[in-house]
Amino acid sequence: MQTDYNTCEGLRAILEKETPILIAQIRALYRELDKKFHLQGAKVPITFGFDTDSLGSYNQNGHGQKEHFHFSLFFIGYAVKNPLSKEDRMDLYKHEYAHYMRYNMPIPKQYQWQPGIHGSAWKYCCSLVGAAPTPHYKAGEALMNHNYEKTLRNPIHDKTVTIRDQHRREQEYKRTQNVILKYKKAAEQ
Ligand SMILES: [Zn+2]
C-alpha cells in the first residue's frame, strides 16, 4: 500500500533515533511483568519497522524466524503526527506481552475453551496484566475499566479472531483515530 509515509525519509530518520528510548520503556514494563509472573519476556528481542498495516506483534519461534516482538515506529514513535497516548502505548505493549504469556505459562483449564490467538487463554493473560481484552486496537480503550470475568465467560465466539492480528488492529486504529477525544472524554466521566 502506497502512503505518504513512504516518501518521508526525514521522519523515518527521526523515528529511528527514538528506538533506544522505546526499547528502554518496553523492557522496563516487561521486566516488571516478568517479575510478577516469573517469565522472561524482557529477554525476547524487540525489532522495529515502518509498517503501515500493523502496530505490533509477538512472533513465536518457527517458520525460519526467531521469537521476537515487533513494533511499527509509525504508530509507537513520538515524532509522528498523531502519536499514541501514553495509556494506549502501554496497552499495546501489554497486548503483545499477553500473547507472549499465553505461550509461556500454564493456562488454567477453565480459560482454554475459546480458540484463536485472541481467545480465552489470551484474554485470561490480558486480565493478569491489565490489557484491554479486545483483539482490535481502540483508541482510549486502555483507560476503561474492563469486566474480565464477563469477557472470559462470554460464550459468543469472536469471528474476527481468524483475521490477522496486526491487520485487524490497524484497521481499527484508522477507523477510531478521529474518535480518540470522544473515548477519552467518556473514560474520564
Ligand atoms: Zn493481538
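Predicted, not measured: the structure shown is a model, and the values here were computed from it.

### Some thoughts on the packing of helix α2 (residues 19-37) against helix α4 (residues 86-104)
The N-to-C vectors of α2 and α4 enclose an angle of 45°; their axes lie 11 Å apart at closest approach. The pairing of α2 with α4 is recorded here as oblique in orientation. Regarding α2 and α4, the two cross each other, and that crossing is right-handed. Residue-level contacts link Ile26, Leu29, Tyr30, Leu33 and Phe37 of α2 to Met90, Tyr93, Tyr97 and Met101 of α4. Within the contact of α2 with α4, the residues separate by chemical class into 9 nonpolar, no polar and no charged.

### What about the environment of Gly130?
Tracing the backbone shows Gly130 in the loop between α5 (120-129) and α6 (148-153). For the pair Gly130 and Met90, spaced 40 residues apart in sequence, the C-alpha separation works out to 10.0 Å.

### Overview of the sheet that holds strand β1 (residues 46-49)
The 3 strands lie next to each other as β1-β3-β2, forming an open sheet whose pairing is mixed. In the strand order of this sheet, the two ends are held by β1 and β2 (56-59), each with one partner. Put simply, the sheet's adjacent strands are angled 20° from each other on average, direction ignored. Sheet topology places β1 next to strand β3 (residues 68-72); 4 bridges connect them, and they run parallel. Bridge assignment links Phe48 to a residue of β3, and that residue is Phe71. The strands touched by α4 within the sheet are β2 and β3, with β2 carrying the most contacts at an inclination of about 15°.

### Describing the confidence of the model for the protein chain
Per-residue pLDDT for the protein chain has a mean of 81; in total, 76% of the residues score no lower than 70. Here helix α8 (residues 180-188) stands out as the least confident element of the protein chain, with mean pLDDT 41; α2 is the most confident, with 98. Below a pLDDT of 50 lies the segment residues 157-164, which in the model reaches 12 contacts outside its immediate sequence neighbourhood of four places, other chains included. Confidence over residues 178-189 falls short of pLDDT 50; this stretch has 10 contacts with residues more than four positions distant or in other chains.

### Observations regarding unusual backbone geometry
A positive phi is found at His38, a non-glycine position, where the angle reads about 55°. By secondary structure assignment, the location of His38 is in the loop between α2 and β1. Overall, His38 belongs to the exposed group, with 8 C-beta atoms counted inside 10 Å.

### A few points about the environment of Pro135
Its place among the elements puts Pro135 in the loop between α5 and α6. When the 20 C-beta atoms within 10 Å are taken as the criterion, Pro135 is described as buried. Here the alpha-carbon distance between Pro135 and Trp122, two residues 13 residues apart in the chain, equals 9.6 Å.

Cut-off values and rules
- Within each chain, residues carry numbers counting from 1 in the order of the written sequence.
- With the structure being a predicted model, the display of local features is reserved for residues of pLDDT at least 70 and the display and counting of side-chain atom pairs for 80 or more, all residues being used for whole-chain, interface and lining totals.
- To obtain each axis, a line is fitted to C-alpha atoms, and for helices this fit is confined to the stretch in contact; angles are then taken between N-to-C directions over 0 to 180 degrees.
- Secondary structure is summarised from DSSP: a helix means a run of H or I of at least four residues, a strand means a run of E of at least two, and numbering begins at the N terminus for each.
- For this classification, under 35 degrees means roughly parallel, over 145 means roughly antiparallel, 65 to 115 means roughly perpendicular, and everything else is oblique.
- For a crossing to be left-handed, the near helix must be turned anticlockwise from the far one by less than a right angle; the clockwise case is right-handed.
- A residue pair is marked as a contact if its C-beta atoms, positioned from the backbone, fall within 7 Å.
- Ten residue types, Ala, Val, Leu, Ile, Met, Phe, Trp, Tyr, Cys and Pro, are classed as nonpolar, four, Asp, Glu, Lys and Arg, as charged, and the remainder, Gly among them, as polar.
- For two strands to pair, DSSP has to find at least two bridges joining them.
- The pLDDT value expresses, per residue, how confident the predictor is, ranging between 0 and 100.
- Exposure criterion: with C-beta atoms placed from backbone coordinates, a residue whose C-beta has 20 or more other C-beta atoms within 10 Å is buried, one with 12 or fewer is exposed, and one in between is partly exposed.

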